[in-house]
Amino acid sequence: MMTARRKQIVGLLLLLLMAVSVIGCSNAAPGNPETKESAVTKGDSSKGEPKQLRLAVMTGMFNHYTALIGVEQGIYLKHGIDLQITEYPAGINTVDALVTDQADLGFVADFAIVNRIGNTLDSTNLVIVSEVQGGPVNGGLYVNPDYKDNLNALDGKGFISSVGTVIEYYNSKIFEYLGFEEDKQQLLNIDNPQTSLALAQKGDAAALFASGANAKLYEEMGWIKAVDASELNINTYSFDVATKEFNENNKELISQYLQATQESFDYIVSHLDESAAYLEKTLGVNAEVVKADWSAAKSGIGFSEEGALQLEAIEKWALGKEKFKQDYAIRDYINTDAVKLAFPDKVTIAGK
């Protein structure tokens with residue numbers, strides 16, 4: 001039986017997902033639209049008019065919270081940006097929005113962007129413009145309570161997955177930790193949180209990786225965190241992504257966005273109770289969960305050599321797992337021009 005809180009959050013998630021047109025998590029969008037040029041932003045900053053920037057956010061993640069608080073506090077307008085926010089359930093969907101010209105900037109985790117580029121090498125027009133965060137992830141492996149004392153019984157049972165997203169990578173690390181043969185596992189592919197919760201309720205799903213507000217929902221269902229993310233040895237970096245054309249034509253605008261986002265992050269840190277209460281009121285997420293997540297969050301806006309090495313390590317790992325067929329140099333898809341304008345002292349990546 002759903003609690004009142006869980007009904008509220010699930011209902012909100014469903015409404016948010018219905019409000020946007022989400023493209024499936026395939027390796028490439030139909031017709032290879034990645035060569036399509038993004039529209040130039042509107043407005044004239046020289047006349048004091050804010051420029052429009054269409055931001056694709058992943059619901060409940062770093063750039064979602066900073067965007068909402070930054071807009072509410074007038075931070076983006078102060079930096080000359082009319083920020084238009086559209087929510088998506090996964091980072092790879094924000095990339096889909098870029099290549100179909102529904103957004104100008106997207107937010108995506110390391111595996112998702114490495115996998116997407118690797119599967120679209122002949123047509124991709126994507127470029128990674130800034131690191132956002134990086135390091136060990138929160139959360140862990142959550143399981144149906146029937147398996148809490150016997151994780152070996154999960155072998156061959158239903159694991160929630162999402163094609164092309166970082167969840168693929170998390171599951172692979174989980175299988176390595178548990179000693180399961182990956183190609184013998186049952187993956188239940190979902191495209192939104194509502195489907196995942198429905199599978200768990202029906203008993204079709206036995207386990208998944210979860211964190212933050214999402215983990216709270218499964219805890220309310222009685223699911224147990226069986227393995228902490230720290231034991232799984234999972235590190236994840238996230239990045240801002242654009243098309244090459246948009247990046248080349250709007251470097252100053254992107255740099256303004258990065259400065260505003262850092263300011264919004266700093267505002268949340270210094271006004272955590274107030275910000276968490278606003279996000280609870282706006283999104284329905286539990287304020288205490290927001291505060292717990294944000295207390296552990298660190299802004300990585302810039303571009304570090306460590307972030308580039310993480311991307312390279314993920315590329316080699318994904319190639320070895322046959323996620324794509326051809327080895328490639330991920331650094332060829334990194335451009336730091338905008339982030340250098342914003343934070344030159346935070347760009348430590350070699351050769352860029």
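Residues numbered from 1 in each chain as written. Predicted model: local features only at pLDDT ≥ 70, side-chain atom pairs only at ≥ 80, totals over all residues. Heavy atoms only, no water.

Asker: Would you mind going over the overall build of the protein with me for this structure?
Answerer: Along its length, the protein carries 15 helices and ten strands. A total of 352 residues make up the protein; the buried ones form 53% of that total. When contacts within the protein are restricted to residue pairs at least 6 apart in sequence, long-range pairs at least 24 apart make up 79% of them. Counting every atom, the protein has about 14,900 Å² of accessible surface; 48% of that belongs to carbon and sulfur. (Helix = DSSP H or I, 4+ residues; strand = E, 2+ residues; numbered from the N terminus. Buried < 20%, exposed > 50% of the residue type's maximum accessible area, 1.4 Å probe, protein only. Contact = heavy atoms within 4.5 Å. Areas by Shrake-Rupley, 256 points an atom, 1.4 Å probe, with all protein chains shown as cover.)

Asker: How should I be thinking about the pairing of strand E8 (residues 207-210) in this particular structure?
Answerer: For a regular strand, side-chain orientation follows a simple rule: the groups alternate between the two sheet faces. Alternating residues of E8 divide into Ala-207 and Phe-209 and Leu-208 and Ala-210, and every residue in both groups is buried. Bridge count between strand E5 (residues 140-143) and E8: four bridges; the pairing is antiparallel. Residue pairing in the sheet places Val-143 in a bridge with Ala-207 of E8. (Pairing = 2+ DSSP bridges.)

Asker: Would you take a moment to explain the pattern of salt bridges for this structure?
Answerer: Think of it this way: side chains of opposite charge can pair up when their charged atoms draw near. One pass over the structure, following the stated rule, counts 17 salt bridges. The shortest N-O distance in the salt bridge between Lys-184 and Glu-181 comes to 3.4 Å. Using a relative accessible area of 57% as the deciding quantity, one classes Lys-184 as exposed. The residue Asp-327 makes a salt bridge to Lys-316 at a minimum N-O spacing of 2.8 Å. (Salt bridge = Lys/Arg side-chain N within 4 Å of Asp/Glu carboxyl O.)

Asker: Would you explain the nonpolar core in this entry?
Answerer: A general tendency of soluble globular proteins is for nonpolar side chains to be buried together. Ile-113, Leu-154, Phe-159, Tyr-257 and Leu-311 are the most contacted members of the largest nonpolar core, which totals 96 residues. For this core, the leading source of residues is helix H11 (residues 251-270), giving eight residues. Dropping the residues within four chain positions of it, Leu-154 is found in contact with Val-143, Tyr-147, Phe-159, Phe-180, Gln-185, Ala-206 and Ala-207. One finds Ala-205, Leu-208, Ala-210 and Tyr-218 within the second-largest nonpolar core, a separate group that totals 14 residues. (Core = buried A, V, L, I, M, F, W, Y, C linked by side-chain atoms within 4.5 Å.)

Asker: Could you clarify how one ought to interpret the packing of helix H5 (residues 110-118) against helix H6 (residues 166-178) in this entry?
Answerer: Packed helix pairs are specified by the crossing angle of their axes together with the interaxial distance, meaning the distance between the axes. Running from N to C, H5 and H6 cross one another at 110°; their axes reach a closest spacing of 7 Å. As judged from the angle between their axes, H5 and H6 are roughly perpendicular. In the packing of H5 onto H6, the handedness of the crossing is right-handed. Residues Asp-110, Phe-111 and Ala-112 of H5 touch H6, and the partners they reach there are Val-166, Glu-168 and Tyr-169. (Axes fitted to C-alpha atoms, helices over the stretch in contact; angles between N-to-C directions. Parallel < 35°, antiparallel > 145°, perpendicular 65-115°, else oblique. Left-handed = near helix turned anticlockwise from the far one by under 90°.)

Asker: When you look at the packing of aromatic side chains in this model, what are you seeing that I'm missing?
Answerer: The way to describe two aromatic rings as a pair is by their centre distance and the angle between their planes. Enumeration according to the criterion identifies 14 aromatic pairs in this entry. A centroid spacing of 4.9 Å and a plane angle of 80° characterise the contact between Phe-159 and Phe-175, whose relative ring orientation is edge-to-face. Within this pair, whereas Phe-159 is found in strand E6 (residues 158-161), its partner Phe-175 is found in helix H6, the two being separated by 16 residues in sequence. Taken together, Phe-111, Tyr-169, Tyr-170, Phe-209 and Trp-317 form an aromatic cluster joined through their ring pairs. Cation over ring: Lys-346 sits above Phe-343, and NZ or CZ is 4.6 Å from the ring centre. (Phe/Tyr/Trp six-rings, centres within 6.5 Å; stacked < 30°, edge-to-face > 60°. Lys NZ or Arg CZ within 6 Å of the ring centre and 35° of its normal.)

Asker: How should I be thinking about the environment of Val-137 in this particular structure?
Answerer: Mapping Val-137 onto the fold places it in the loop between strand E4 (126-136) and E5. Residues contacting Val-137, with those up to four places away along its chain left out, are Tyr-170, Phe-209, Ala-229, Ile-234 and Thr-236.

Asker: Would you explain the packing of helix H2 (residues 62-72) against helix H12 (residues 272-283) in this entry?
Answerer: The N-to-C vectors of H2 and H12 enclose an angle of 100°; their axes lie 11 Å apart at closest approach. In terms of orientation, H2 and H12 fall into the roughly perpendicular class. From H2, His-64, Tyr-65, Leu-68, Ile-69 and Glu-72 reach across to H12, where they touch Ser-275, Tyr-278, Leu-279 and Leu-283.

Asker: Whenever I open this one, the sheet that holds strand E3 (residues 106-109) confuses me. Can you help?
Answerer: Sheet strands pair via backbone hydrogen bonds, and the direction of the pair is either parallel or antiparallel. The antiparallel open sheet is built from three strands, whose spatial order is E3-E10-E4. The sheet is open, and its two borders are formed by E3 and E4, each paired with just one other strand. For this sheet, the mean inter-axis angle between neighbouring strands, taken without regard to orientation, is 25°. Bridge count between E4 and strand E10 (residues 235-243): nine bridges; the pairing is antiparallel. Looking at the pairing, Leu-126 lines up with Thr-243 of E10.

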